[in-house]
Amino acid sequence: MIGFIYIMSNPGHPGLLKIGQTSKDPNVRRRELNSTGVPEDFVLEYRVLADDYQRLEKEIHQRLKKY
């Protein structure tokens, strides 16, 4: 299955990044997140189209767990 891995930041949470996955355009996901009551809008920093994006996102989170 093909989808996107994305990295977003939010000026309201300096130093933190959101790494996620979506089957739709990451800008659509960004707009969805902006409606969840966060202090400022998310900024899409990076996106990549990937095969097996759901598995890849889990692997990324596993590798970054220690940070």
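Before any of the text, the structure's been laid out above.
Structure report, in brief. (Residues numbered from 1 in each chain as written. Predicted model: local features only at pLDDT ≥ 70, side-chain atom pairs only at ≥ 80, totals over all residues. Heavy atoms only, no water.)

### Re the side chain of Thr 22
Its place among the elements puts Thr 22 in strand E2 (residues 17-22). Take Thr 22: its relative accessible area is 4%, and that puts it in the buried class. A distance of 3.2 Å separates a polar side-chain atom of Thr 22 from the backbone nitrogen of Lys 24. (Helix = DSSP H or I, 4+ residues; strand = E, 2+ residues; numbered from the N terminus. Buried < 20%, exposed > 50% of the residue type's maximum accessible area, 1.4 Å probe, protein only. Polar contact = N/O pair within 3.5 Å; in protein donor to acceptor, adjacent residues only side chain to side chain.)

### Let's talk about the sheet that holds strand E1 (residues 2-9)
Adjacent strands of a sheet pair through backbone hydrogen bonds, lying either parallel or antiparallel. Read across the open sheet, the three strands follow the order E2-E1-E3; overall the sheet is antiparallel. Each edge of the open sheet carries a strand with a single partner, namely E2 and strand E3 (43-51). Across the sheet, the axes of successive neighbouring strands diverge by a mean angle of 20 degrees, strand direction being ignored. Here E1 pairs with E3 via eight bridges, running antiparallel. Across the sheet, residue Phe 4 finds its bridge partner in E3, namely Leu 49. Of the strands in this sheet, E1, E2 and E3 touch helix H1 (residues 26-34), which is tilted by about 45 degrees from E1. (Pairing = 2+ DSSP bridges. Axes fitted to C-alpha atoms, helices over the stretch in contact; angles between N-to-C directions. Contact = heavy atoms within 4.5 Å.)

By themselves, these are just geometric observations and shouldn't be taken as functional.
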